[in-house]
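Residue-level listing of the chains:
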Amino acid sequence: MALLEVKALKKHFTVSISPMRHATLKAVDGIDFSLDKNRVFALVGESGCGKSTVARLLLRLIAPTAGEIRFRGENILGLKGGALKAFRKSVQIIFQDPFASLNPRMTVFDALSEPLKIHGLAGRAELKDRVSELLQSVGLGDVLDSYPHEFSGGQRQRICIARALAVSPEVIVADEPLSALDVSIQAQILNLLLELKERTGISFVFISHDLRVVEYLSDEVAVMYLGKIVEVSKTEDLFGSPLHPYTEILLSSAPSIKADGRKKPELKGEVPSPINIPSGCPFHPRCHRRFEPCERVVPELRQYKGRQVACHLRNPAI
Amino acid sequence: MSLLELKGLSISFRTRPVEVVSDLSFQLNEGEVFGLVGESGCGKSLTALSIMGILPQNFKTGGVVNLRGRNLLSLGPEEMRDIRGREIGMVFQEPMTSLNPVLRVGYQIAEAVTSHFRVSKEEARERTLELLKAVRMPSPHVRMKEYPHQMSGGMRQRVMIAMAIACNPAVLIADEPTTALDVTIEAQILELLNGLMESGNMAVLLITHDLGIIRENAKQVAIMYAGRLVEKSPVEGIFTAARHPYTIGLMESLPGQRGVALKPIPGSVPKPGMLPPGCKFSDRCRFMKPECQADEPPLRQVTEGHFSRCIRAEEMRWPS
């Protein structure tokens, strides 16, 4: 059984576009995926595709409009009281900006001991040892009494990771955890995440726009566009032979340090507003391979050669 | 002949004797993209600001910045104002904070023209439209009447570029022009910059932290660490035979093949004033020898056109 399972998940927001008019913003519009134990599942896509909304839904920080999220077979939307608290202990998050996600007035010890106290994981006497141990596990020394401003971005991200690890979660949702960091520091954190995965058996939902990192770290990848998953597959397959034209363009747009002299396919225009999603396939206005049915029929995510893709090109019936 | 030449540029605080940029020299030739690479705090943006003459008040400069043989650092504020925007244009990283939120973008672009040339309102308007077309803004007639908040990040960056090239400058400084953008928009903006450079014979100083962008766009490249150039070469040089441990560290930090462990640079960049003696990278360098901390090594030529600030540069070679 999958550890975490998402079915037909939707999140629609109502936004006001003028004082008297409201519109529906479909941030997440019917997605399915599942995460197995000790795996890294990556969600990739450009700004506004809904990937961070998925992160917040998975943590139950916001309630979905429709669909379900099952953790160990149980729908988390129905959880209350003790069961909800247990779920919160099992799934933790790391945010993008380590400068904004640590309370500037709490010492490292305060920040890391709080989750331990809330979940009753350590007695007063053990707190200090347990926090030191956590800091050690993320490669920080004896910094218990320091405040966040005393640390660099990379060190702060280590503290955030230690805080997530404090409750020994089974799943960590990492929302762009490397984007605010310099390349050499990114590599340090990336090594740390991989080491944690090996050592503790944690699973990750890894949200990123950086395809190089995703290719290196993840086992499975889902590509999102305007609130929908357009392609899911094993990382090697997706990077080896993308099936969806959008994936193809994403992969070739990323600047590479390998000189292969390839010509980039031109991607016209910008991502349309999620308030006004194009008819048919949401990607059709920008697609270089669109044909007749694309602007009429919404392509479903369907099986294709053991992988999943939402594109009419891969549908033998059309 | 070189268009822009930096000779021994140094930038330091007025209040303390701490150099944040030290002994920086490079040349930018006509119709060429020169890439300046480094991590946050290495001084690459300060270098750009000092060329434009818009450094914050608490910094002072030393050395020479020659534009066609004229030292910009010795010019007065009025003379510099003539050069800024007219001879050197600049595109900043964050287009939202660099555009005025209460003025229409058309007005802001026209202002770039009217502040340097005596033109009628009508001429300025036409030039603005022409510029918006040049940066391939969709429906320019409508967009020129809009405010920055009505546009996407990519469109705002197009407006910034239109302003920067309004007076056909000889030099364009692009400071992380695509860092705030998505990859597909990034590719569009870089292609646009390349096209403009070729058609206008502009020289571009491209400042970035992304080595992929450098490889695909620059002709010459310089790597900065702690305010110093540590390596400088034609672009292929650093990707086929890097000669400085810091450059090698950057390359080995990039995620490559799955299952192959990354070799990050240990530690983090020290604050200016806290740098080690001798070679400034020595405290993080895995090739460090005691001699490294004696005197600061000079930037010296290792092979034709390829410079490194490492006393062991001859032994260094990545990928080996």
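The coordinates are above.
This is a predicted model, so every value here is computed, not measured. (Residues numbered from 1 in each chain as written. Chains lettered and ligands numbered in written order. Predicted model: local features only at pLDDT ≥ 70, side-chain atom pairs only at ≥ 80, totals over all residues. Heavy atoms only, no water.)

**Q** Tell me about the sheet that holds strand 11 (residues 302-304) of chain A, and name the residues and values.
**A** Residues and elements named next belong to chain A. Taken together, eight strands build an open sheet; the order of strands is 6-7-8-3-9-10-12-11 and the sheet is mixed. Edge positions in the open sheet fall to strand 6 (91-94) and strand 11, since each of these has one partner strand only. Within the sheet, the average angular offset between the axes of one strand and its neighbour, ignoring direction, is 25°. Along the sheet, helix 5 (residues 153-165) contacts strand 6 and strand 7 (171-175); its crossing angle with strand 6, the most-contacted strand, is approximately 175°. (Pairing = 2+ DSSP bridges. Helix = DSSP H or I, 4+ residues; strand = E, 2+ residues; numbered from the N terminus. Axes fitted to C-alpha atoms, helices over the stretch in contact; angles between N-to-C directions. Contact = heavy atoms within 4.5 Å.)

**Q** Break down the packing of aromatic side chains for me, with residues and values.
**A** This model, assessed by the stated rule, comprises ten aromatic pairs over all chains. With centroids separated by 4.5 Å and ring planes inclined at 10°, the aromatic side chains of F26 of chain B and F34 of chain B adopt a geometry described as stacked. Centre to centre, the rings of Y225 of chain B and Y246 of chain B are 4.6 Å apart; their planes meet at 50°, and the pair counts as tilted. Here Y225 of chain B is found in strand 9 (residues 220-225), whereas its partner Y246 of chain B is found in helix 11 (residues 245-253), with 21 residues between them in sequence. Taken as a pair, Y225 of chain B and Y246 of chain B share a single burial class, namely buried. Put simply, the rings of Y225, Y246 and F283 of chain A touch in pairs and so form one group of aromatic residues. The positively charged end of R16 of chain B is found above the aromatic ring belonging to F13 of chain B, 4.4 Å away from the centroid. (Phe/Tyr/Trp six-rings, centres within 6.5 Å; stacked < 30°, edge-to-face > 60°. Buried < 20%, exposed > 50% of the residue type's maximum accessible area, 1.4 Å probe, protein only. Lys NZ or Arg CZ within 6 Å of the ring centre and 35° of its normal.)

**Q** Talk me through the interface of chain B and chain A; I want residue IDs and the actual numbers.
**A** Every contact between the two is made by 39 residues of chain B and, on the other side, 36 residues of chain A. Summing the contributions of chain B and of chain A, the shared interface buries around 3000 Å²; its carbon and sulfur component is 53%. With its nearest N and O atoms 3.7 Å apart, the salt bridge here joins R212 of chain A to D210 of chain B. Across the chain B-chain A interface, the total number found is 16 residue pairs in polar contact (both at pLDDT 80 or more). Put simply, the parts of the chain that give the side of chain B that touches chain A at least two residues each are helix 7 (153-164), helix 8 (183-200), helix 9 (211-217) and helix 11 of chain B. (Buried area = accessible area lost by both parts, 1.4 Å probe. Salt bridge = Lys/Arg side-chain N within 4 Å of Asp/Glu carboxyl O. Polar contact = N/O pair within 3.5 Å; in protein donor to acceptor, adjacent residues only side chain to side chain.)

**Q** Quick rundown of the side chain of R243 of chain B? Include the residues and the values.
**A** All names here are of chain B. Summarising the element assignment, R243 is placed in the loop between helix 10 (235-240) and helix 11. Of the side chains with opposite charge, E231 comes closest to the buried, unpaired R243, at an N-O distance of 6.3 Å. Sequence-distant contacts of R243, defined by excluding residues within four places in its chain, comprise E231, V302, T303, H306, S308, C310, A313, E314, M316 and R317. (Lys, Arg positive; Asp, Glu negative; His and termini not counted.)

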